[in-house]
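# Coordinate inspection notes
Chain by chain, the residues:
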Amino acid sequence: MASATNIDATAVNTIAWLSAAETTIVVPVYQRQYRWDIGGCEQLLADIRAVADSDDRHMHFIGSVLSTTSSAGAAPELVLIDGQQRITTLMLLIAALHHTVKDHDAELAAHLEKVLVHTDGNGDGNDPNGADTNGTGDGSDTNGSDTNGTDTNNPGTRTKLRPHRAWAQVFESVVLDRRDAGDELRDSRFDDNYAFFRSQVLADEAPRIWRGLQKLEHVAITLGAGANAQQIFESLNSTGEPLRDHELIHNYVLMGLSHAEQSEIEDSYWLPIEQNTGEQIGGFWRHYLVMSTGREVAVAGEHGVYGAFRQQFPRLDFETLRAHAAEWREYSAVYRTLLEPSTADDAEIGRQLAYVNTFGRGMYPLVMRAYRDHARGAEDRATLIGTLEHVQALLLRRTVVGLSNDRLVARMCRAREEGPESLARAIARITPSDERVRVALKYGDLPHAAYVLGRLADVEALGALELEYVFPLAPADDWSPDGERRWTDFTDDEQNAFRALAQTLGNVALLEQPLAERAFDASHPEKRAVYVRSAVGPTKELAEIPAWSTSAIAERTVRLTQAFLKIWARPAAVGIDDDGLTPILDAQRRRGWPRGWDREFEYVEYRGEHWEVHDVKALFNRIFKRLWADAHETVVAYSGRRGGPIYEAQAWNGQWDAIDDAHFIYMGWDSKYMLTAVQGLLDEAGLAPEVFVKYSYIAAAM
């Protein structure tokens, strides 16, 4: 059998590979910046804990590491092409572990040190980026900073992983625990992720984490001199169809089961889910997770739905998995009914579901739960229909006044879990008032016109009807509103007044298709003879209006608006429009600020108090300090379970703030972690429904 001469691919134990005396890894200058956030670190640590607790046969595969060999110096080096993010994160974890145990467990500290550094002072260590990395002390960057990986307290120590000069000083100061004055105030992912690992792994857990680290494996791909590194990198990362979220969920659910167990889950549960949801299976999983967690699930980025699934369903024993799978199958059948409302057993409920579909599938998480409860007999028919009517009113009114309907459903799901009254209050809070709707309908274009006019006329079969604009959108020169004046006789101001009202509620009607063909482009006197033959009540009434003027349009808008406000009624609950406030559990970190812009929030509403808090970091600090006083036991329990962010000592260098004389809060986390911590603490304290953020104008657009 022929073998490849330019590529060597070998499955290796990751820690043994890193610990080898000859291992030196150089990150070339063209590599992207280190980007892993605390969420990725949290998942890596969870995987390491899981494999540490498994039997000796189980290993954890972390992917492939692609490199090429450089022999420019006395000792060969691996120039990293792919795998930088994973290897760097592992080094930060190992550094945190080393600094935790070095004064307590000399044997383990020695093993960890072998992974992190060369301590023999040998090797040329020439960096292909032009930075001196050999421990001689004569390599410096343009700012005069030494970037050679040398510990000033131990000149023979060199880090095995050497980033290029743009990041080397920060990385090495973290790994070698060598901080200069002022370093605690800097913002870097190296500092953030190292601090996370220090906070999560205490000395008594160190042997467990080390056991898990020793069970990591990867494929080491080393390229020869004749290999095309870029082509191979692109082949590994870009070719082929990437696995979609539902495919990853499928693999995750079945992985680790016996063949018999896999067959049962596949045949009895997964295949029915696929049959029920068809091409919408990805949407089903997203909507199910929003419904079950009460949190929005991001679809942007890499595998947000799959990540949310793994967090909601960590490794399960088979009986628990079977119970969950039965629920997934039940909800998939509900989802099929939502996709095809005509299959509903109750015709009126089916009609209401079809109405909801007018606005897309954004409210499916709420509707799924309500429909399932009705099917089980836990919710009566009138309650379900009332919920569907409220959903339509919410979505239509917000659309009419120009408000977004994005990121509303999770808060509705949370409110529903507290009962029908809580849901009605939550809907009322964000449903525009009658006054706002009246103004918007008077001057604005009518959205979802066929749906609105059909319900106003109590017409179900819209297929044979067309939209009719009494004043045409593009009138001919001889169009006349009264049989006397022609369109060309109108002044510019008069014409503009008509055009401004052309797509408002008062100027739009439904008309049977044969009649619509006769009415097309006709003047109003001719149209009256057509309208009188229509079976659609509001359209037939147009025949009684002798002249079609802007005042006639406005008067019809007023009449139809009264009916509109009754059909799409706002729930009868105390409260007014919420000024665009976002519940804290639905808040998300916005990125992409213009230079110099630091005002993420206009303000924060905390239990009726108005806080002038303008960014996530300030909110994080204030919430934890406030709840340290108001809900002390909850904060202690949360911090103890999560391994932070409150500690009894400033155990490592970084940004700290005092909570009291004996406790400190670490402030060096990345913003995503801080927002998640705020949400988690408020949720556990039962205060989340009373906390809202008002995004600044530019933040809302990000």
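Residues numbered from 1 in each chain as written. Predicted model: local features only at pLDDT ≥ 70, side-chain atom pairs only at ≥ 80, totals over all residues. Heavy atoms only, no water.

## Comments concerning the packing of helix α13 (residues 318-339) against helix α15 (residues 364-375)
Convention followed: For helices, the axis comes from a line fit to the C-alpha atoms of the stretch in contact; other axes are also lines fit to C-alpha atoms, and the angle between any two N-to-C directions lies between 0 and 180 degrees. We count a stretch as a helix when DSSP gives it H or I for four or more residues in a row; a strand needs E for two or more, and each element gets its number in order from the N terminus. Convention used here: angles under 35 degrees read as roughly parallel, angles over 145 as roughly antiparallel, angles from 65 to 115 as roughly perpendicular, and any remaining angle as oblique. For a crossing to be left-handed, the near helix must be turned anticlockwise from the far one by less than a right angle; the clockwise case is right-handed. We call two residues in contact when some of their heavy atoms are within 4.5 Å.
Where α13 meets α15, the axes come as close as 10 Å, and the angle between the chain directions of the two elements is 110°. Considered as vectors, α13 and α15 are oriented roughly perpendicular to each other. α15 is crossed by α13, and the crossing has right-handed handedness. Listed contacts from α15 to E330, Y331, V334, Y335, T337, L338 and L339 of α13 are Y364, V367, M368, R369, Y371 and R372.

## Considerations on the confidence of the model for the chain
Test applied: Scored between 0 and 100, pLDDT is the confidence that the predictor attaches to each residue.
Scored by pLDDT, the chain comes out at a mean of 84, with 85% of its residues at no less than 70. Here residues 121-153 is modelled with pLDDT under 50, and outside its nearest four sequence neighbours on either side it reaches 79 contacts, counting other chains as well. A low-confidence stretch, residues 592-597 (pLDDT under 50), is modelled with ten contacts involving residues beyond four sequence positions or located in other chains.

## Here we look at helix α28 (residues 671-685)
Given 3.6 residues per helical turn, the α-helix brings residues three or four places apart onto the same face. Cut-off, in case you're wondering: Helix span, expected: 1.5 Å multiplied by one less than the number of residues in the helix. Relative accessible area decides the class of each residue, using a 1.4 Å probe on protein chains only: under 20% of the type maximum gives buried, over 50% gives exposed, and in between gives partly exposed. We call two N or O atoms a polar contact when they sit within 3.5 Å, provided that within protein one can donate a hydrogen and the other can accept it, with sequence-adjacent residues counted only if both atoms are side-chain atoms.
Look at α28: 21 Å from first C-alpha to last across 15 residues, which is about the 21 Å you get at 1.5 Å a residue. Restricting attention to buried positions, one finds in α28 the residues S671, Y673, M674, L675, A677, V678, Q679, G680, L681 and L682. Close packing links the buried residues of α28 with α2 (38-52), α6 (189-200), β13 (601-606), α26 (616-630), α27 (632-642) and β18 (691-695). Between a side-chain oxygen at the N-terminus of α28 and the backbone nitrogen of K672 the separation is 3.1 Å; the capping residue is D670. Directly beyond the C-terminal end of α28, a positive phi value near 75° is found at G686.

## A look at unusual backbone geometry
For the bond from G644 to P645, the omega torsion is 15°, close enough to zero to count as cis. Located in the positive-phi region is H448, a residue other than glycine, with phi close to 50°. Judged by its relative accessible area of 31%, H448 is partly exposed. We note that D521 has phi near 65°; this positive angle belongs to a residue other than glycine. With respect to the element layout, D521 can be found in the loop between α22 (513-519) and α23 (524-531).

## Regarding the sheet that holds strand β14 (residues 609-611)
Stated formally: Note: two strands are recorded as paired if DSSP finds a minimum of 2 bridges between them.
The strand order across the open sheet built from four strands is β12-β18-β13-β14, with neighbouring strands paired in antiparallel fashion. At either end of the open sheet lies a strand with only one pairing partner, and these are β12 (582-583) and β14. Pairing of β12 with β18, which is carried by two bridges, proceeds in the antiparallel orientation. Directly across from P583, in β18, lies its bridge partner F692.

## So, the side chain of R455
With respect to the helices and strands, the residue R455 is situated in helix α20 (residues 449-456). Taking relative accessible area as the criterion, R455 reaches 13% and is therefore assigned buried.

## Focus: helix α12 (residues 304-312)
Where we set the bar: Throughout, the arc means the angular range of directions from the helix axis out to the C-beta atoms.
Within α12, the full set of buried residues consists of V305, Y306, A308 and F309. Projection of α12 onto a plane perpendicular to its axis shows the buried side chains occupying an angular sector of 160°, all on one side. In this structure, the buried residues of α12 make contact with α9 (245-254), α11 (281-293) and α13.

## Re the packing of helix α10 (residues 259-277) against α13
Stated formally: Residue polarity follows a fixed list, in which Ala, Val, Leu, Ile, Met, Phe, Trp, Tyr, Cys and Pro are nonpolar, Asp, Glu, Lys and Arg are charged, and the others, Gly among them, are polar.
Relative to each other, α10 and α13 sit at 15°, their axes nearing to 7 Å. As the angle between them shows, α10 and α13 are arranged roughly parallel. Note on packing geometry: the crossing formed by α10 with α13 is left-handed. For the pair α10 and α13, the contacting residues are E261, E264, I265, S268, Y269, P272, I273, N276 and T277 in the first and F318, L321, R322, A325, A326, W328, R329, S332, A333, Y335, R336 and L339 in the second. Of the residues belonging to the contact of α10 with α13, the class tally is twelve nonpolar, four polar and five charged.

## A short note on the pattern of salt bridges
What counts here: For salt bridges, the criterion is a side-chain nitrogen of Lys or Arg within 4 Å of an Asp or Glu carboxyl oxygen.
Enumeration over the complete set of coordinates arrives at 32 salt bridges. Between R642 and E42 there is a salt bridge, with its nearest N and O atoms 3.0 Å apart. On the criterion of sequence distance, the pair formed by R642 in helix α27 and E42 in helix α2 is long-range, its members being 600 residues apart. Taking the relative accessible area as the measure of exposure, R642 reaches 26% and is therefore partly exposed. The class for E42 is partly exposed, based on a relative accessible area of 33%. Between R397 and D434 there is a salt bridge whose closest N-O contact spans 2.8 Å. A residue pair is termed long-range when its members are at least 10 positions apart, and R397 in helix α16 (residues 381-401) and D434 in helix α19 (residues 434-443) qualify at 37 residues. Three or more residues are tied together by salt bridges with common partners; here these are E330, R372, D373, R376, E379 and R416.

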